[in-house]
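Spelled out from the first residue to the last, the chains are:
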Amino acid sequence: MENAPKGRRYKSLTREPQFIGSEIYRRSTYGMRHPLAIPRVSTCIDLCRAMGWLPDRQYHDSPLATDEQLARFHTPDYIAALKRAEADQTLSAEERETFNLGRNGNPIFSEVFRRPATASGGSILAAQLVANAGVVYNPAGGTHHGRPDHASGFCFFNDPALCILELLDKGAERVFYLDVDAHHGDGVQDAFGERGNVMTLSVHENGRWPMNARESNGSGTLEDRAGGMARNLPVPADFNDSEMDYIMEACVLPLLDEFGPDTIVLQCGADGLADDPMSRLDLSNGALWRVAGRLLGRAGKFIVLGGGGYNPWSVGRCWAGIWAVLNGYDIPDRLPDPAIEILRALSWRHSKGRNPPDYWMTTLLDPARPGPVRPEIRDIVAEVLRP
Ligand SMILES: [Zn+2]
């Protein structure tokens, strides 16, 4: 395996892909009116089990990250504030401001410490499980906006950063991080942009939050390389499947092969899907499955995390399909009845959820959304490939 030529696909599956989950995501909610009031990871788990794709031997219950682990990236004051917020269900006005908690989409809720600490513990476990080789999936991970000393954009901790730090601690030498969430992966970029051994690449919607965020240096622009090792592809609205395929072939894979990572981390946010209410991107889930499929086998260690995703049907179906791709399972055109029942039991307090289309219930597959590769996409790729 060590002798595999650069860029050549090879099977690294010394063991089966591993799935990290927890029941905490089923029970807890950010609050009734929050976009994350929907079940996401639990839907993915339930669908995978209904399909017979998730035997117990592949499933790991996510541990809670320890304070010491969290402190690899986060400040002790901030960790303590989150614990206090969970215990008291409130913070002082000054603390709310300092830590950006209880405001700006970062609510104080019953599991405000344990839930993100579980997602982080999962991503750290993922790094441990791939210490030698393998594929690990933690769909609760991908909270890419988290900052060392405050919450940002629904993200309390930054589990991708904690995952990458653990990978480096465990001997990874070169980590390639690809982020296909509709929002810029600003927290991860800023954590590693100056380190020569971690390359971060974010494909996200141009002009969408957090591009003007105070802390992110006007992030998400083409020119922003965060000290050297970050690359950004801020794509226009109506970004389609053909354009994602083009970006992978013309830009992501060449950069990846040139960098020569031993580990790949994919943040697979599902909010760039056409059915998602939070972005104007126009992808079908097949485009994201192909992203994961093209990365599989390109490095000995591969970790896939979740991310955004605010339509319970589209996120659950997309992430179950990712697990199928990682395992090499065929995705059937029509789901068996137990899986359909899981999807029919979902509800969504959003206008788009009033008359859900049939395919949200009966299949994992979205209708494909091909289209022209627009000149601005080619321009972005040319700019990003510039040395
Ligand atoms: Zn997002």
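Quantities reported herein were computed from a predicted structural model and do not represent experimental measurements.

Asks: Which residues make up the coordination of the zinc ion, and what are the values?
Replies: Here the zinc ion is held by the protein donor atoms Asp181 (OD), His183 (ND1) and Asp271 (OD), which lie 1.8 to 2.1 Å from it. Within one chain, the residues serving as donors to the zinc ion are arranged as D-x1-H-x87-D. Placement of the pair is Asp181 in the loop between β4 (175-179) and α8 (186-192) and Asp271 in the loop between β7 (263-267) and α10 (285-295), with a sequence separation of 90 residues.

Asks: Tell me about the sheet that holds strand β1 (residues 18-21), and name the residues and values.
Replies: Ordered by their spatial adjacency, eight strands build an open sheet running β2-β1-β3-β8-β7-β4-β5-β6, and the pairing between neighbours is parallel. Each end of this open sheet is capped by a strand with a single partner; those strands are β2 (59-61) and β6 (230-235). Within the sheet, the average angular offset between the axes of one strand and its neighbour, ignoring direction, is 15°. Two strands pair when backbone bridges link them, and strand β3 (residues 134-138) and strand β8 (residues 301-305) are joined in this way by five bridges, in the parallel orientation. Residue Asn138 lies in a different strand from β8, and its bridge partner there is Leu305.

Asks: Please set out the nonpolar core residue by residue, giving values where relevant.
Replies: Counting 79 residues, the largest nonpolar core has Leu178, Leu266 and Leu295 as its most contacted members. With ten residues, the top contributor of residues to this core is helix α11 (residues 312-327). Not counting residues up to four positions away in its chain, the partners in contact with Leu178 are Leu201, Val203, Met248, Val252, Val265, Leu266, Gln267, Val291 and Leu295. Formed by 47 residues, the second largest nonpolar core is a distinct cluster that contains Val130, Phe154, Phe157 and Leu168.

Rules and cut-offs
- Residues numbered from 1 in each chain as written.
- Predicted model: local features only at pLDDT ≥ 70, side-chain atom pairs only at ≥ 80, totals over all residues.
- Heavy atoms only, no water.
- Donors = N, O, S within 2.8 Å, 3.2 Å for Na, K, Ca; no water.
- Helix = DSSP H or I, 4+ residues; strand = E, 2+ residues; numbered from the N terminus.
- Pairing = 2+ DSSP bridges.
- Axes fitted to C-alpha atoms, helices over the stretch in contact; angles between N-to-C directions.
- Core = buried A, V, L, I, M, F, W, Y, C linked by side-chain atoms within 4.5 Å.
- Buried < 20%, exposed > 50% of the residue type's maximum accessible area, 1.4 Å probe, protein only.
- Contact = heavy atoms within 4.5 Å.

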